[in-house]
Amino acid sequence: MAAADKPLNALLQAALALPILLVPAKAGAAEVSEVGFTLLGYKERGLMKVTEPIGWIKGKPAEDWEVQVSALVDIVSGASPAGVTNASGRPVQVVTGASVADRRKQGDLKVAHRMGDLTLGVSGAWSTEHDYFSRAFGVQGQWDLNRKNTTLNAGIARSSDRV
């Protein structure tokens, strides 16, 4: 085998091993029901650009437990407009030399436990930037009645922001 074929061969072997990951989990093992990643973006005519990668996972580590976790980063960059001038006879937007660069990080966690017709959950979240910090938490209860034809739901949450 040629030396140039070794990386390709290793990649092919790794790709062939992937279907093994699709084997159903054994009874009693943690069950992952959803894993995801998305990339959002926004661009405004050369002024501002926002890129936002988001990842999440939702699963059941045990039969009556559910856990959800997500995280994201907002990456903001660009130049800020100073205003509009009409000196040439038609309106033109003037861009300052000042540039904007900011990064916001956010994460959240929710854990719920089902006990028959009653589900209790707790949640927490945080968000941070260079000049801002936020955190939140909450508790929630859900009671299924009448064969899940009626659901009573109650919760309370609190958040704290610091600029």
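For the structure itself, look to the data block above.
Residues numbered from 1 in each chain as written. Predicted model: local features only at pLDDT ≥ 70, side-chain atom pairs only at ≥ 80, totals over all residues. Heavy atoms only, no water.

Engineer: Would you mind going over unusual backbone geometry in detail, with residue names and values included?
Structural biologist: Note on backbone geometry: most residues besides glycine have negative phi, and most peptide bonds are trans. Not every positive phi belongs to a glycine, and N146 is a case in point at roughly 55°. Mapped onto the elements, N146 comes out in the loop between strand 6 (132-145) and strand 7 (150-162). Using a relative accessible area of 55% as the deciding quantity, one classes N146 as exposed. Not every positive phi belongs to a glycine, and K148 is a case in point at roughly 65°. (Helix = DSSP H or I, 4+ residues; strand = E, 2+ residues; numbered from the N terminus. Buried < 20%, exposed > 50% of the residue type's maximum accessible area, 1.4 Å probe, protein only.)

Engineer: Tell me about the layout of surface pockets, and name the residues and values.
Structural biologist: Considered as a void within the structure, the largest pocket measures approximately 320 Å³ in volume. Along its surface, the largest pocket is lined by 18 residues, and E66, A112, H113, R114 and T119 are the ones closest to its centre. With 5 residues, strand 4 (residues 92-115) is the largest single contributor of residues to the lining of the largest pocket. Tallied by class, the residues present in the lining of the largest pocket amount to 5 nonpolar, 7 polar and 6 charged. (1 Å grid on protein atoms, 1.4 Å probe; cavity = no way out; pocket = protein on both sides within 12 Å on 5 of 7 lines; lining within 4 Å. Points joined across faces, edges and corners; volume = space filled by probe spheres on them. Nonpolar A, V, L, I, M, F, W, Y, C, P; charged D, E, K, R; others polar.)

Engineer: Account for the pattern of salt bridges, naming residues and giving values.
Structural biologist: Within this structure, the stated rule accounts for 4 salt bridges. Put simply, E52 and R104 hold a salt bridge, and the shortest N to O gap is 3.9 Å. Taken together, the residues span a long stretch of sequence, with E52 in strand 2 (residues 48-62) and R104 in strand 4 at a distance of 52 residues. Ionic pairing is found between K58 and E66, a salt bridge with its closest N-O pair at 4.0 Å. Assessed through its relative accessible area of 25%, E66 is described here as partly exposed. Taken together, the shared-partner salt bridges in this structure form one network comprising E52, D74 and R104. (Salt bridge = Lys/Arg side-chain N within 4 Å of Asp/Glu carboxyl O.)

Just distances and angles here, no functional claims.
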